[in-house]
Amino acid sequence: MSLTLNQFGFCLSVWILRQRLNMVRHLNPLFYLLLIVAGQPFDANATGGFLAGASSSYLRAHQNDAIKWRPWNTQTLAHVKRSEKPVFLSIGFSACHWCHVMARETFSDANVIKTLNRDFVPVLVDQEERPDIYRHYEVVMRTMTGTSGAPANFILAPDLTPIFAAGFLPPNRDRGLPGLANILRKFTRDWSANADALLANASSFYADMLKQPSPANTSDFQDPAKAATAAWTEAFDRQYGGFGHAPKFPSTNVLSFLLRQASWRGDRELMQMVFLNLDSMAAGGLRDHVGGAFHRYSIDRYWQVPHFEIMLNENALLAKLYVDAWRAAPDGARKERYNLIARGILDALADRLRLANGAFATSLDSMTNGVEGAYYTWSAEEIRTLLPAPEADAFIAAFLDSRHGLVAGRSVLRHLSGTDNLSKSLKRHGRNFQLLAQARNLRVSPKRDEKIITSWNAIAISAYAHAAQAFADVRYLDIARSIWSGLNFSDLASNPLVHSRLNQATSGIVFLEDFAFLSDAMLDLYEADFQIKWLDRARQLIVMMIEMYQPAPGSLFQSTAVEASTGLPTYVPLAENTTPSSNAMAMSAILRLSLFAPDAGFAGSGQKILQQLNGPLLNAAPFTAGMLNVLAYDPDQAHEIVIIGSPKHPETRILLAEIRKRLVRGSVVALIPPGPASLKRKKWSLLAERPQIDNLPTAYVCKKKICNWPVNTKAALVEQLQPLIAMQ
């Protein structure tokens, strides 16, 4: 007798979850059981005949597979409807280690190939190219199991009702895990015998799940920022830094939030907690000490061994975080350390991900010639061959552990004497790192995913703009501008925004995250070089964003355009994972732009959204760190800082430096030349003409358009900045 859906699903899920508890930690997450109902097919840009010509490197890499993969588009969904076959949907991305392992071990298995091609319509999705599809399934997975990850593999009914899902699976029973070949055979048998019952139970199960109420606030705090701080403080690993045990991710959003809370509230214990986390990551194997970028996550509690992917968005956010830590650090040694780390990330990204047109590629793979981490690991013998004898001994003593944290018998470089003297060691061995880099450049480099993602490039623009401000480094400003040029969106009428493109192929779809991150990046560029064109561009993008993604005035934004017909449930992004949510960045852009006072509409729109956020933020405070940071720009609390002076005047630079070296709360900064306002400036009331004191560069610190007495000395400005640094 064949199993019903509930029997099949429940038995398999319980068994898998039990096995998962006994698996090595680096396989997490492994499996999930998912029973959901999808909507009707949605329109997407056709890639034209299976995977040929796709705008995704991940899809193109599989176009010659024996499995007859198809992209998720209207043609494929029409084919599914005609064939009446179930769909095998696999979601991954180009730099995903376990996606490669599954491709190599599972999707090359003769039985798996035969079954998928005969009994299913195999569909492949790049989660970076189609975050709407990925997030739909991720949200349900996380709701049901508390975890998610890649690869994610689903069995869908012909009407796209998902029936089963799993993460990594070997082809046959292995490592204590069931094989995909057996699961496919079992499902095909049960589907053939009792498809109607399976589908009915799936629909019923998902409908019940959708009725589950949102979690109520169980915190003792009525301030979501305090609730989030308490939750993350409790989860903190006080010995090694990070949250939980293993695997450990950088948790950049959370650390950015906690850094601000510690700085603005004067919480020294919390600040030391954040510093421990930042220092441990920077000293450990998570950081590529030869290149400067960070890998995706550590498979252990100690930050020793990473998964070696290098992602653009995560590194750009880390660079911003270390710049902000440099601003918040109270002592020179720590400031020097964070300066080196931030610059190392930015220089590595420019060196390894920048494309010929100025935009940045998406990621670097973890594997070289099928070997995980081969590009990044070393042996003592190699070091002794490449460095002079005295230098080799000193370097090995400082960075190479031949006993612990090995990958295929080779060492991952990390700073062995802790974090206090990390910057000293980095400078001491600067020439040695150069020699190792030269030697490493002769190795086969990990594959680069040259897909250009608009939102990720926007994060990179912000990172370089922040560094240009903090470190007064025009080189970083030039890179930020070149990224914008490379995106080629200067004329949105002829070149409308797209989410991603690969060479000449585009995704043909654009999401809230692209408008939100890019709008905010334009404001970062303005505060870096004070060219009004960036404010104009931000306003244009925000107007389009509001028109396309806000279903009603004052409501939160949805991830896909209101007019778009995706067939998937409407998704309002608020909870965060790797990056701040799209709604957080949309709010950041709107609230920041409103402080420049282009018109009353922006401030009103932002305040209406803020009014409805308190409940959701309080109920899920730990998972909305990005939005909690944005609350500092509430128009009733935020500040405007205006400097009247020539950008080249030394006193202007001194005043700007005093602002830029501090972690100032909820403020925008404007620089305008003395004299009557130009026509361009008149569109922005914050940039109106203001007098100087004694014909010297003069600063105005304002709140709700009411300004303190203007000042023209460093000491007087620092005094007025104090309320913006510490919470009152």
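Rules behind the numbers
- Along every chain, residues carry numbers that run from 1 in the direction the sequence is written.
- Per-residue local features of the predicted model are confined to residues with pLDDT of at least 70, and side-chain atom pairs are confined, for both listing and counting, to 80 or more; whole-chain, interface and lining totals are unaffected and use all residues.
- Hydrogens and waters are ignored; side-chain quantities use all the structure's heavy atoms.
- At least two DSSP bridges between two strands are needed for those strands to be called paired.
- What counts as a helix is a DSSP run of H or I of at least four residues, what counts as a strand is a run of E of at least two, and both are numbered from the N terminus.
- Only centres within 6.5 Å qualify two rings of Phe, Tyr or Trp (six-membered ring in Trp) as a pair; their planes then separate them into stacked at under 30 degrees, edge-to-face at over 60, and tilted for everything else.
- Burial classification: accessible surface area is computed with a 1.4 Å probe over protein chains only, and a residue below 20% of its type maximum counts as buried, one above 50% as exposed, and the rest as partly exposed.
- Here the axes come from fitting lines to C-alpha atoms, over the contacting stretch only for helices, and the angles between their N-to-C directions go from 0 to 180 degrees.
- Any angle that is under 35 degrees is reported as roughly parallel, and any over 145 degrees as roughly antiparallel; angles of 65 to 115 degrees are reported as roughly perpendicular and all others as oblique.
- For any helix crossing, the convention is left-handed if the near helix is rotated counterclockwise from the far helix by under a right angle, and right-handed if that rotation is clockwise.
- In what follows, a contact means two residues having at least one pair of non-hydrogen atoms within 4.5 Å.
- Residues are sorted three ways: Asp, Glu, Lys and Arg are charged, Ala, Val, Leu, Ile, Met, Phe, Trp, Tyr, Cys and Pro are nonpolar, and all the rest, Gly among them, are polar.
- Positive charges come from Lys and Arg, negative ones from Asp and Glu, while His and the chain ends are left out of the count.
- The rule for a salt bridge is simple: a side-chain nitrogen of Lys or Arg has to be within 4 Å of a carboxyl oxygen of Asp or Glu.
- The definition of a polar contact used here is a pair of N or O atoms within 3.5 Å, where within protein one atom must be able to donate a hydrogen and the other to accept one, and adjacent residues in sequence count solely through side-chain atom pairs.
- By nonpolar core is meant a set of buried Ala, Val, Leu, Ile, Met, Phe, Trp, Tyr and Cys residues that side-chain atoms within 4.5 Å join together.
- Helix span is expected to be 1.5 Å times the residue number reduced by one.
- Pairs of cysteine sulfur atoms within 2.5 Å are identified as disulfides in what follows.

Q: What am I meant to see in the sheet that holds strand β17 (residues 500-502) here?
A: The strands that make up a sheet are held in pairs by hydrogen bonds between backbone atoms, and each pair lies either parallel or antiparallel. What the three strands build is an open sheet, ordered β16-β17-β18; its pairing is antiparallel. Two strands bound the open sheet, and with one partner strand each, they are β16 (452-453) and β18 (505-506). Judged from the two bridges that link them, β16 and β17 form a sheet pairing that is antiparallel. Bridged to Ile453 within β17 is Ser500.

Q: Please explain the packing of aromatic side chains as it appears in this structure.
A: Two aromatic rings, taken as a pair, are described by how far apart their centres are and by the angle between their planes. What the rule picks out here adds up to 26 aromatic pairs. Taken together, a centroid distance of 5.7 Å and an interplanar angle of 70 degrees make the contact between Phe236 and Phe243 edge-to-face. Both residues of the pair, Phe236 and Phe243, count as buried. When the centroid spacing of 5.3 Å and the interplanar angle of 85 degrees are considered together, the rings of Tyr526 and Phe596 count as edge-to-face.

Q: Can you help me understand the packing of helix α8 (residues 224-235) against helix α9 (residues 252-265) in this one?
A: A pair of packed helices can be characterised by two numbers: the angle between their axes and the separation between those axes. At a minimum axis separation of 11 Å, α8 and α9 run at an interaxial angle of 115 degrees. When the axes of α8 and α9 are compared, the pair comes out roughly perpendicular. Note on packing geometry: the crossing formed by α8 with α9 is left-handed. On the side of α8, the interface is formed by Ala225, Lys226, Ala228, Thr229 and Trp232, while α9 contributes Val254, Phe257, Leu258, Gln261 and Arg265. Partitioned by chemical class, the residues of the contact of α8 with α9 number six nonpolar, two polar and two charged.

Q: Honestly, the side chain of Arg690 in this entry has me stumped. Any pointers?
A: Counting through the fold element by element, Arg690 comes out in the loop between α26 (679-682) and β21 (698-703). Salt bridges are absent for the buried Arg690, whose nearest opposite-charge side chain, Glu640, sits at 6.6 Å. A polar atom in the side chain of Arg690 sits 3.3 Å from the backbone oxygen of Leu686.

Q: I would appreciate a short explanation of the environment of Val305 in the present structure.
A: One can find Val305 in the loop between β6 (297-298) and β7 (306-307). Here Val305 falls in the buried class, since its relative accessible area comes to 8%. Placed 68 residues apart in sequence, Val305 and Gly373 show a C-alpha to C-alpha distance of 9.6 Å. In contact with Val305, not counting residues within four places along its chain, are Tyr297, Ser298, Ile299, Asp300, Gly405 and Val407.

Q: Whenever I open this one, the pairing of strand β20 (residues 667-672) confuses me. Can you help?
A: In the case of a regular strand, side chains alternate between the two sheet surfaces. Burial within β20 is extensive, with six of its six residues counted as buried. Side chains Ser667, Val669 and Leu671 of β20 all project onto a buried face; the interleaved residues Val668, Ala670 and Ile672 project onto the opposite face, where all are buried too. With six bridges connecting them, strand β19 (residues 639-644) and β20 associate as parallel partners. Opposite His639, over in β20, you have Ser667 as the bridge partner.

Q: What am I meant to see in the sheet that holds β21 here?
A: Read from one edge to the other, the open sheet built from four strands follows the order β20-β19-β21-β22, with strand pairing classed as mixed. The open sheet has two free edges, formed respectively by β20 and β22 (706-707), since each of these has just one partner strand. Pairing of β19 with β21, which is carried by five bridges, proceeds in the antiparallel orientation. Of the residues in β21, the one forming a bridge with Ile641 is Val701.

Q: Sorry if this is basic, but what is going on with the nonpolar core here?
A: A general trend in soluble globular proteins is that nonpolar side chains are found buried together. In this structure, Leu278, Tyr322, Ile461, Tyr464, Leu518, Met522 and Met545 are the most contacted members of the largest nonpolar core, which totals 209 residues. Among the elements that take part in this core, helix α17 (residues 454-471) stands out by supplying 12 residues, more than any other. Setting aside anything within four residues of it in sequence, one finds Ile461 in contact with Ala480, Ile483, Trp484, Leu487, Leu518, Ala521, Met522 and Leu525. If you look at the next biggest cluster of nonpolar residues, it comprises 18 residues, including Val80, Tyr134, Leu156 and Leu568.

Q: Where do I start with α9 in this structure?
A: Quick reminder: α-helices carry 3.6 residues per turn. Residues three or four places apart thus point the same way. Between its first and last C-alpha atoms α9 spans 20 Å; for 14 residues at 1.5 Å apiece the expected length is 20 Å, and the two agree. Counting buried positions along α9 gives 13 out of 14 residues, so the element sits mostly inside the fold. One or two positions beyond α9, positive phi appears at Gly266, with a value near 65 degrees.

Q: Just checking my understanding: could you explain the state of the cysteines for this structure?
A: Cysteine pairs can be covalently joined through their sulfur atoms, and such a bond is termed a disulfide. Throughout the structure, instances matching the rule amount to two disulfides. Here Cys96 pairs with Cys99 through a disulfide, and the sulfurs are 2.4 Å apart. Residues Cys96 and Cys99 share a disulfide whose torsion about the S-S bond is about 80 degrees; that sign makes it right-handed. Of the two residues, Cys96 and Cys99, neither departs from the other in class, the shared state being buried. Disulfide pairing places Cys702 opposite Cys707 at an S-S distance of 2.0 Å. Judged by the sign of its S-S torsion, about 90 degrees, the cystine formed by Cys702 and Cys707 is right-handed. Across the protein chain, the way the bonded cysteines pair up, counted in sequence order, is 1-2, 3-4.

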